[in-house]
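Residues per chain are reported as follows:
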Amino acid sequence: YLWGGAFLYGLATLLWLYLLSRHELSFIYPFTSLSFVLGVAAAGLVLGESVSMERWLGVAIICLGVYVVSRSG
């Protein structure tokens, strides 16, 4: 698990550097908030946690914000 995690971390770092070389930080950085969306989805779907409607509303707001930012680029 340790080597797999280190490999994925390195891969993510290379992807981040690649994206920064192609786009502005102000365009790319909001996409990092999608990790919260994935975390809530995994909690509900994979771990079977009860996710409240307020959290799903927050996820929807995050997605809307990322959409708005992506349209500006």
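Please refer to the structure placed before this passage.
Residues numbered from 1 in each chain as written. Predicted model: local features only at pLDDT ≥ 70, side-chain atom pairs only at ≥ 80, totals over all residues. Heavy atoms only, no water.

### Some details on the overall build of the protein chain
So the rule is basically this: Comment: elements are numbered from the N terminus, with helices defined as DSSP H or I runs of at least four residues and strands as E runs of at least two. With C-alpha atoms as the basis for the radius of gyration, the globule rule is written as 2.2 Å multiplied by the number of residues raised to the power 0.38. Exposed residues in this analysis have more than 50% of their type's maximum accessible area, buried residues have under 20%, and partly exposed residues fall in between, with area computed by a 1.4 Å probe over protein chains only. Each accessible area is a Shrake-Rupley result for a 1.4 Å probe, and residues are judged covered by the shown protein chains and nothing else.
When helices and strands are tallied, the protein chain shows four helices and zero strands. Listed by position from the N terminus, the elements making up the protein chain come as α-α-α-α. For 73 residues, the compact-globule formula gives about 11 Å, and the C-alpha radius of gyration of the protein chain, at 15 Å, lies well above that figure. C-alpha extents for the protein chain along the principal axes are approximately 40 × 40 × 10 Å. Counting only residues that meet the buried cut, the protein chain has 11% of its 73 residues in that class. Roughly 6,100 Å² of accessible area belongs to the protein chain as shown, and the carbon and sulfur atoms make up 72% of that amount.

### Looking at the layout of surface pockets
Rule in force here: In this analysis the probe radius is 1.4 Å and the grid spacing 1 Å, with only protein atoms considered; a cavity is a set of points the probe fits into but cannot get out of, a pocket is an open set with protein on both sides within 12 Å along at least five of seven lines, and lining residues have an atom within 4 Å of a point. Grid points are joined across faces, edges and corners, and a volume is the space filled by probe spheres set on the points.
Approximately 170 Å³ is the volume found for the largest pocket. Forming the walls of the largest pocket are A12, L15, W16, L19, I28, F31 and T32. Among the elements that take part in the lining of the largest pocket, helix α1 (residues 2-22) stands out by supplying four residues, more than any other.

### Some points on the packing of aromatic side chains
Quick reminder of the rule: Classification of ring pairs rests on two measures: the distance between centres of Phe, Tyr or Trp rings, Trp counted by its six-membered ring, which must be within 6.5 Å, and the angle between planes, read as stacked under 30 degrees, edge-to-face over 60 and tilted in between.
Scanning all chains against the criterion turns up two aromatic pairs. For the pair W16 and Y29, a centre-to-centre distance of 6.3 Å together with 70 degrees between the ring planes defines the contact as edge-to-face. Placement of W16 in helix α1 and of Y29 in the loop between α2 (25-28) and α3 (34-45) is noted, with a sequence separation of 13 residues between them. Look at Y29 and you get exposed, because its relative accessible area is 51%.

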